[in-house]
Amino acid sequence: MSEQVAIPDTVLIFDTTLRDGEQSPGATLNVEEKLEIARQLSRLGVDICEAGFPIASPGDFDAVRRIAEEVGPLVEGRKNGQPMVIAGLARANQEDISRAYEAVKVAPRHRIHTFLATSDIHLKHKLRIDREECVDQVIKAVSYARALCDDIEFSPEDAGRSDPDFLVQVLGEAIKAGATTLNIPDTVGYTTPDEFGRLIEYLIKHTPGADQVVWSVHCHNDLGLATANTLAGIKAGARQAEVTLNGIGERAGNTALEEVVMALTTRSQNFNLQTNIDTSQIARTSHMVSTYTGMIIQPNKAIVGANAFAHEAGIHQDGMLKNHLTYEIMRPETVGLNTSKLVLGKHSGRHAFRVHLREMGYDNMDDAEVSAAFKRFKRIADKKKVVTDADIEAIIADEIYQPPVIWQLDHIQVSCGDHSIPTASVVMIGPDGVTYQDAALGSGPVDAVYQAINRIVGVTNRLTEFTINAVTEGLDAVAEATIRIQPVEGAEFIMNPQTNQPIYKTFSGHGASTDIVVASARAYLSALNKMLAERDNLAAQMQRAEHTKAQA
Ligand code: KIV
Ligand code: ZN
């Protein structure tokens, strides 16, 4: 008789890059960027995608609804052949829950995720309710949500600082009211791994009906312990991990998806657990999230940092040459690095280009978008012998997933050198279709271009971050620039329609070119267009609100 091999349990990966991740200061994404990230999360094999917080704004609602509609049904390339569950977040009240349900219901698999704080600090100072009222609100909210949909997640916010016995009471009531997943958040990243592991074990052991639900963990990284806490929670019995790509999120961020997945994969003897993630998609997803959010990845970041697989010391290099096992616990190919193959060159035709885009997963581009990307590809192929997948991804990000074009770059010219004052002349096409030109001096060529653009567009802002990276190796590499800007203090041109107060938000932009000055100019304009689109959008909302008030 053959020996029975135990099938490892599966840890479900709940990705909240588009909700908790987008709450990182400055990580604002437009709807097209959110859709593209959601498509990539589906290819990556994420089980549940928390697409946003629908009640937060009409824009958030729309983005969640479109993700539910357009990405919700996708199954191609997914290991388990099932589409992602699309989740929407809601506070524990009927209005939020109804709005979340309206946004996600079109997805074949959808979930309402509702939450209410349970720690005494939050009950007393934030919610101003007592424990009894808290339990009552949870029962009402979960029952209401369950009447709308079968897949309900409940989170006791700040569980890490809540009384475990009170949690047992609240969670038991949530199960009775119909919750199917119970998520335990360490909202402020306060706990340590042994403590958090013990908490999960305690809750699973003592909550009535614990075996009827999936237990989940959601950790924040304030003490740098998010991944360790998540793994401790999994060891204690949690079978869902809430994570974000690159660990982006509020303050110090959330647990990084790539760290949890690669820990479970690389140390499988230690966990005997599996995930549905296609690890070869990790590098690509991480890069896309970093580009679109403008959140740069530190070079020494585990799994996805630029140095994560680099070996500098002579002894290490020597060991690696003899046998990679000496200093390498994972192969870069496992996370999708170093797999770029030369597939296209300057003689490749449009058809081959389109076929290759499909193979890369860009199957939703229309003819105009393919033509625009193909034109850019040809220009790069003229300058570079080898065009890799990474180059193509940079072109697509630069060409297609940009904010609505308000101002357009026509051309730029710079003059600089060690004995001259950097000077730039810029020609742009305005929102009215008219061509504008101006010139400016700067501390360097990029600064000169930015000054000239500012003179034309006429909005003031502060540059808070600027990075430029080569997509591939070599002097002919495509450069990708990422930039973050903020409206200048006192400029007060972006107003919140509810409070009529200025909003000082950060806007990110990205651009790619074989010329670093052009890449930087494109990134700057992308951020500027995002900022202007937001201003116009909020102004229109204000006008609508005033109109409604006048009619009432
Ligand atoms: O950190 C937190 O508590 C959250 C909840 C909404 C799950 O993000
Ligand atoms: Zn959170």
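Residues numbered from 1 in each chain as written. Chains lettered and ligands numbered in written order. Predicted model: local features only at pLDDT ≥ 70, side-chain atom pairs only at ≥ 80, totals over all residues. Heavy atoms only, no water.

### Description of the overall build of the chain
Next up, step 1: If you tally the helices and strands in the chain, you get 17 helices and 16 strands.
Next up, step 2: Computed over C-alpha atoms, the radius of gyration of the chain comes to 25 Å, within 12% of the 24 Å expected from 2.2 N^0.38 for 552 residues, which places it in the range of a compact globule.
Next up, step 3: Projected onto its principal axes, the C-alpha coordinates of the chain cover approximately 75 × 75 × 45 Å.
Next up, step 4: The burial tally for the chain puts 53% of its 552 residues in the buried class.
Next up, step 5: Looking at the chain as shown, the accessible area adds up to about 25100 Å², and 51% of this sits on carbon and sulfur atoms.
Next up, step 6: The chain carries 52 positive and 72 negative side-chain charges, and their two centres are separated by 2 Å. (Helix = DSSP H or I, 4+ residues; strand = E, 2+ residues; numbered from the N terminus. Rg over C-alpha atoms; globule rule 2.2 N^0.38 Å. Buried < 20%, exposed > 50% of the residue type's maximum accessible area, 1.4 Å probe, protein only. Areas by Shrake-Rupley, 256 points an atom, 1.4 Å probe, with all protein chains shown as cover. Lys, Arg positive; Asp, Glu negative; His and termini not counted. Charge placed at Lys NZ, Arg CZ, Asp CG, Glu CD.)

### Observations concerning the packing of aromatic side chains
Next up, step 1: One pass over the structure, following the stated rule, counts six aromatic pairs.
Next up, step 2: Seen from their ring centres, Phe 353 and Phe 374 are 5.4 Å apart, and the 50° between their planes marks the pair as tilted. With Phe 353 in helix H13 (residues 350-359) and Phe 374 in helix H14 (residues 367-383), this residue pair connects regions lying 21 residues apart in the sequence.
Next up, step 3: A network of ring pairs unites the aromatic residues Phe 353, Phe 374 and Phe 377 as a single cluster.
Next up, step 4: Stacked on the ring of Phe 61, the Lys or Arg Arg 99 has its end atom at 3.8 Å from the ring centre.
Next up, step 5: Sitting over the ring of Phe 166, Arg 131 keeps its end group 4.7 Å from the ring centre. (Phe/Tyr/Trp six-rings, centres within 6.5 Å; stacked < 30°, edge-to-face > 60°. Lys NZ or Arg CZ within 6 Å of the ring centre and 35° of its normal.)

### Section: unusual backbone geometry
Next up, step 1: Backbone geometry places Asp 158, a non-glycine residue, at a positive phi of 60°.
Next up, step 2: Along the chain, the position of Asp 158 falls in the loop between strand S6 (152-157) and helix H6 (164-177).
Next up, step 3: The phi dihedral of Ile 303 is positive, around 70°, even though this residue is not glycine.
Next up, step 4: Turning to its location among the elements, Ile 303 is positioned in the loop between helix H11 (282-293) and helix H12 (314-322).

### Considerations on the pairing of strand S4 (residues 85-91)
Next up, step 1: Among the seven residues in S4, six count as buried, and that is most of the element.
Next up, step 2: For strand S3 (residues 48-52) and S4, the ladder comprises four bridges, and the chain directions are parallel. By the bridge assignment for S4, Cys 49 is matched with Ile 86.
Next up, step 3: Where S4 and strand S5 (residues 110-117) come together, six bridges link them in parallel fashion. Residue pairing in the sheet places Gly 88 in a bridge with Ile 112 of S5.
Next up, step 4: Following the chain from S4 across helix H3 (residues 94-104) to the adjacent parallel S5, one finds a crossover that is right-handed. (Pairing = 2+ DSSP bridges. Right-handed = clockwise from strand over helix to strand, strands pointing away.)

### Some words on the sheet that holds strand S2 (residues 12-15)
Next up, step 1: Pairing is parallel around the closed barrel formed by eight strands, whose spatial order is S2-S3-S4-S5-S6-S7-S8-S9. Looking at each pair of strands side by side, their axes are set apart by 25° on average, direction ignored.
Next up, step 2: With two bridges connecting them, S2 and S3 associate as parallel partners. Pairing of Phe 14 across the sheet is with Ile 48, part of S3.
Next up, step 3: This element, helix H4 (residues 120-127), spans S5 and S6 of the sheet and lies at about 85° to S5.
Next up, step 4: Packed on one face of the sheet, helix H8 (residues 226-235) meets strand S7 (181-186), strand S8 (214-219) and strand S9 (240-243) and runs near 165° to S8. (Axes fitted to C-alpha atoms, helices over the stretch in contact; angles between N-to-C directions. Contact = heavy atoms within 4.5 Å.)

### Some thoughts on the environment of Leu 538
Next up, step 1: Examined against the element boundaries, Leu 538 turns out to sit in helix H17 (residues 516-551).
Next up, step 2: According to the relative accessible area criterion, Leu 538 is buried, its value standing at 9%.

### Looking at the site of ligand 1
Next up, step 1: Around ligand 1, the neighbouring residues are Arg 19, Asp 20, His 113, Phe 115, Ser 155, Glu 157, Asn 183, Pro 185, Thr 187, His 218 and His 220.
Next up, step 2: A distance of 2.6 Å separates an oxygen atom of ligand 1 from a polar atom in the side chain of Thr 187.
Next up, step 3: One nitrogen or oxygen atom from the side chain of His 218 is found 3.1 Å from an oxygen atom belonging to ligand 1.
Next up, step 4: In the complex, 94% of the free accessible area of ligand 1, which totals 260 Å², lies under the protein chains.
Next up, step 5: Elements with a contribution of two residues or more to the shell around ligand 1: S5, S6 and S7.
Next up, step 6: The residue inventory of the shell around ligand 1, partitioned by class, reads two nonpolar, six polar and three charged. (Near = heavy atom within 4 Å. Polar contact = N/O pair within 3.5 Å; in protein donor to acceptor, adjacent residues only side chain to side chain. Nonpolar A, V, L, I, M, F, W, Y, C, P; charged D, E, K, R; others polar.)

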